Amino acid sequence: MGGAGRARLRWLGALVVALFLLSGCDPDPPPASLSRTPSIAWRPCGDGVECGELTAPLDYGHREKGDIRLALSRRRAEDPSQRRGVLLVVPGGPGESGTQMVSLDRERFTPGVRRHFDIIGIDPRGVGASSAVHCPRLEQTDVIARDDAEFNTIRAANSRFAEGCAARTGELLRHLDSRTAARDLQQVREALGEQQVSIYGSSYGTLLAGSYAELEPKRVRAMVLDGVVDPSVGLDVAVEREAGTLDEVFTDFTTWCARTTECALHGRDVGGLWDWLVERAREAPIPSSTGAVADDEVLLSRLYQLLYSSRNWPAAAGSIKLALEGDAGAFVNRAEPDSATSAPPPPSPAVQPTPDPEYHPEGLHSAVVCADRPPPYLDRERIDALARRVSERAPRFGEYVVWSQFRSCVGWPTAGGEARGAFHAPGLAPALVLGSHGDVATPLVGARAVTEQLPGSSLVVLDADEHGVYGWTSSCVDNAVERYLADGILPPPGTTCTVS
């Protein structure tokens, strides 16, 4: 394997799909100082949205190190007479923008939520329009290290990348863990003048939301966790769960193809064709009309992403069909630059608040996950042994899932440690936990575990293959969320919803 374009795609794909858990950089931080009350300067920024900014300590244990900037966006409650307070939107990734979730798509939140709440989006520290991570361009490497030479190449490239991020970002790079970011949410609550807040956390944001709940459990009025990561297990357990679910969802996809003519591969052996395509791409990358080529890791990365939602299945089938015909354009999207490295595309100037043009999401991702939830080991022998074991359960995706999530921290200076343990938030009001049977990024077993970790909480399961279920996928789910957030009424245990 090789080639700048393929390597760039593999790197991005590995980072996109590598989510997760928590360990914590500062297990016993000193209590937050109440010596000053933060404030937010709000301004109109279009489409009924207000943009704001406040400062927070770079290092809560050493405030003399200075402050960072936190970017916010707000949509006020559409019916002030029925206002229930504020809803903090905690985005996933890590690296996604909460301000954009709120400012760019009014319809992202259902009418009952918009009516009752001021919806507040935040770019967590290091992200987007907040004080952001800056890094050099990415070097090309494979995702899977098949020998010591490839592993050493990954480790050296990651080490250089981390050094470059540290040189460009400064001290902030060492203070991006979720427990520190949770204290930023405390600053936001105080600046808003709210005694309590409601929270919606999605995907990786469920970890940040849960960390805040541990910090200030009695300040949380209500909390919705959608696409939940279980902090009680290590990365080795998490990747086995994820790879197993991914292979199961792929089987669901092939079953769908067998029964519906909407599938471009209807009437054919989809599983067999896919296996042949991956093997062919491993031996010789598949060309495309875009000018780029796709090897096996590019194919696995792209299909992994497409299987996040069953709504993508028609596109997945069409992409495979084209690749079988000799054009892998749907997997690679576009040709990459000729250089061995490339920078993320600049953000659109139309986005408000405007993201830092030098923000590097891949660098942010590595800094957060390697601090929050580092792999339990970082040597090739044990990673490879885990990959072989996981592949016994998940032969199609097991090896790729393991390496895509371990490799980011190989050579990163803060990596190496144990899982942080289950959520522990005495005094927290019962939460509403959401999951689906076929969530390939945050499998349902994790949502069940977190529901048990938060006593009195309720789990709603969508009978579908989706990562993230609130927001126009199921009226049953949306109604449960609206009723819980507005009136504090949880659905009964065992509630299962369908797509509508």
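Along every chain, residues carry numbers that run from 1 in the direction the sequence is written. Predicted model: local features are reported for residues with pLDDT of at least 70 only, side-chain atom pairs are reported and counted for 80 or more only, and whole-chain, interface and lining totals are derived from all residues. To get the side-chain values, all heavy atoms of the structure are used, and hydrogens and water are removed first.

Right, let's talk about the overall build of the protein for a bit. Secondary structure counts use DSSP, requiring at least four H or I residues in a row for a helix and at least two E residues in a row for a strand, with both numbered from the N terminus. Of the regular secondary structure elements, the protein holds 16 helices and 12 strands. Relative accessibility thresholds used throughout: buried, under 20% of the residue-type maximum; exposed, over 50%; partly exposed, between the two (1.4 Å probe, protein chains only). Taken across its 500 residues, the protein has 60% of its residues classed as buried. Contact criterion: two residues are considered in contact whenever any of their non-hydrogen atoms come within 4.5 Å of each other. Residue pairs in contact within the protein that sit at least 24 positions apart in sequence constitute 79% of those at least 6 positions apart. Here the Shrake-Rupley method, with its probe set to 1.4 Å, supplies the accessible areas, and only the displayed protein chains count as covering residues. When the accessible area of the protein is evaluated, it comes to approximately 18,700 Å², of which 50% is carbon and sulfur surface.

Bringing the environment of Val237 into the picture now. Here Val237 shows up in helix α7 (residues 235-259). Residue Val237 is classed as partly exposed on the basis of its relative accessible area, which comes to 35%.

A few words now on the sheet that holds strand β5 (residues 117-123). The sheet built from 10 strands is open, its strands ordered β1-β2-β3-β5-β4-β6-β7-β10-β11-β12 with mixed pairing. Each end of this open sheet is capped by a strand with a single partner; those strands are β1 (43-44) and β12 (496-497). Sheet topology places strand β10 (residues 432-436) next to strand β11 (residues 458-462); 5 bridges connect them, and they run parallel. By the bridge assignment, Ser436 is partnered in β11 with Leu462. The angle between two axes is taken between their N-to-C directions and runs from 0 to 180 degrees, where each axis is a line fitted to C-alpha atoms and a helix contributes only its stretch in contact. Across the sheet, helix α15 (residues 444-453) touches β7 (220-226), β10 and β11, and the angle it forms with β11 is around 165 degrees. What makes two strands pair is DSSP finding at least two bridges between them.

The subject of this paragraph is the state of the cysteines. Any two cysteine sulfur atoms lying within 2.5 Å of each other are counted as a disulfide. Counted according to the given criterion, the structure contains 5 disulfides. What pairs with Cys135 in a disulfide is Cys165, and their sulfur atoms sit 2.0 Å apart. Here the S-S torsion is close to 115 degrees, and the disulfide linking Cys135 with Cys165 is therefore right-handed. Note that Cys135 is positioned in the loop between β5 and α4 (148-169) and Cys165 in helix α4, a separation of 30 residues in sequence. Relative accessible area serves as the criterion here: at 12%, Cys135 is assigned to the buried category. What makes Cys165 buried here is its relative accessible area of 0%. Linked covalently through their sulfurs, Cys370 and Cys409 form a disulfide whose S-S length is 2.1 Å. The sign of the S-S torsion, about -105 degrees, decides the handedness of the disulfide formed by Cys370 and Cys409: left-handed.

What follows is about helix α13 (residues 380-393). In an α-helix, one turn spans 3.6 residues, which is why side chains three or four residues apart end up on the same side. For a helix, the expected span equals 1.5 Å multiplied by the number of residues minus one. Between its first and last C-alpha, α13 extends 20 Å over 14 residues, near the 20 Å set by a 1.5 Å rise per residue. When we look at burial in α13, the residues that qualify are Arg380, Ile383, Asp384, Leu386, Ala387, Val390 and Ser391. All buried residues of α13 fall inside an arc of 160 degrees around its axis, so they share one side. Of all possible arcs, the one meant is that of the directions from the helix axis to the C-beta atoms.

So, about the packing of helix α5 (residues 178-192) against helix α6 (residues 205-215). For any two helices packed against each other, one specifies the crossing angle of their axes together with the interaxial distance. Two elements in contact, α5 and α6, have axes separated by 8 Å at closest approach and are oriented at 70 degrees. The angle between the axes of α5 and α6 places the two elements in the roughly perpendicular class. The interaxial crossing formed by α5 with α6 has right-handed handedness. Note on element contacts: α6 touches α5 through Leu208, Ser211, Tyr212 and Leu215, opposite Ser178, Ala181, Ala182, Arg183, Leu185, Gln186 and Arg189. Looking at the contact of α5 with α6 residue by residue, the class counts come to 6 nonpolar, 3 polar and 2 charged. In what follows, roughly perpendicular refers to angles from 65 to 115 degrees, roughly parallel to angles under 35, roughly antiparallel to angles over 145, and oblique to any angle outside these ranges. For a crossing to be left-handed, the near helix must be turned anticlockwise from the far one by less than a right angle; the clockwise case is right-handed. Residue polarity is assigned by list, with Asp, Glu, Lys and Arg as charged and Ala, Val, Leu, Ile, Met, Phe, Trp, Tyr, Cys and Pro as nonpolar; anything else, Gly included, falls into the polar class.

Running from N to C, helix α9 (residues 296-306) and helix α14 (residues 398-406) cross one another at 85 degrees; their axes reach a closest spacing of 11 Å. It follows from the interaxial angle that α9 and α14 lie roughly perpendicular. Between α9, through Glu297, Leu300, Ser301 and Tyr304, and α14, the contact on the second element is made entirely by Tyr400, Val401, Ser404 and Gln405. Taken together, the residues that form the contact of α9 with α14 break down as 4 nonpolar, 3 polar and 1 charged.

Take the pairing of strand β6 (residues 197-202) next. Burial analysis of β6 places 6 of its 6 residues in the buried class, which makes it a mostly covered element. Here β6 shows two buried faces, one formed by Val197, Ile199 and Gly201 and the other by Ser198, Tyr200 and Ser202. Sheet analysis places β6 next to β7, joined by 6 bridges and oriented parallel. By the bridge assignment, Ser202 is partnered in β7 with Asp226.

Another aspect to go through is helix α16 (residues 475-487). With 13 residues, α16 extends 18 Å from end C-alpha to end C-alpha; this agrees with the ideal 18 Å at 1.5 Å per step. Just beyond α16, the residue with positive phi is Gly488, at close to 75 degrees.

It is worth spelling out the side chain of Ser458 at this point. You can see Ser458 is positioned in strand β11. Here Ser458 falls in the buried class, since its relative accessible area comes to 6%. Polar contact criterion, stated in full: a pair of N or O atoms within 3.5 Å, where within protein one must be able to donate a hydrogen and the other to accept it, and residues adjacent in sequence count only if both atoms are side-chain atoms. Within the structure, Ser458 has its side chain in polar contact with the backbone oxygen of Pro491 (distance 2.9 Å). What Ser458 contacts, discounting residues up to four positions off in sequence, is Ala431, Leu432, Val433, Thr451, Leu490, Pro491 and Pro492.

Another point: the confidence of the model for the protein. Per-chain confidence: the protein averages 90 in pLDDT, with 88% of residues scoring 70 or above. Known as pLDDT, the predictor's per-residue confidence is scaled from 0 to 100. The model gives residues 1-34 a pLDDT under 50, and that stretch makes 136 contacts with residues more than four places away or in other chains. The low-confidence segment residues 334-349 (pLDDT under 50) makes 35 contacts with residues lying over four places distant or belonging to another chain.

Here the focus is the environment of Val233. Examined against the element boundaries, Val233 turns out to sit in the loop between β7 and α7. For Val233, a relative accessible area of 13% gives the class buried. Taking the C-alpha atoms as reference, Val233 lies 9.0 Å from Gly446; in sequence the two are 213 residues apart.

This part is about the packing of aromatic side chains. Pairing of aromatic rings covers Phe, Tyr and Trp, the last through its six-membered ring, and needs centres within 6.5 Å; plane angles under 30 degrees mean stacked, over 60 mean edge-to-face, and all others mean tilted. Taken as a whole, this structure holds 15 aromatic pairs when the rule is applied. Seen in terms of ring centroids, Tyr304 and Tyr400 are 6.4 Å apart; in terms of plane orientation they differ by 75 degrees. Their pairing is edge-to-face. In this pair, Tyr304 is assigned in helix α9 and Tyr400 in helix α14, connecting sequence segments 96 residues apart. Owing to a relative accessible area of 0%, Tyr304 belongs among the buried residues under this scheme. Tyr400 gets classed as buried once you look at its relative accessible area, which sits at 1%. Within the aromatic cluster, the residues linked to one another by ring pairs are Phe250, Phe253, Trp256, Trp274, Trp313, Phe331 and Phe397. Arg74 extends its terminal NZ or CZ atom over the ring of Trp42, reaching a point 4.0 Å from the ring centre. Directly above the ring of Phe109 sits Arg108, whose terminal nitrogen or CZ lies 5.5 Å from the centroid. We call a charge positioned above a ring when the Lys NZ or Arg CZ atom is no farther than 6 Å from the ring centre and deviates by at most 35 degrees from the ring normal.

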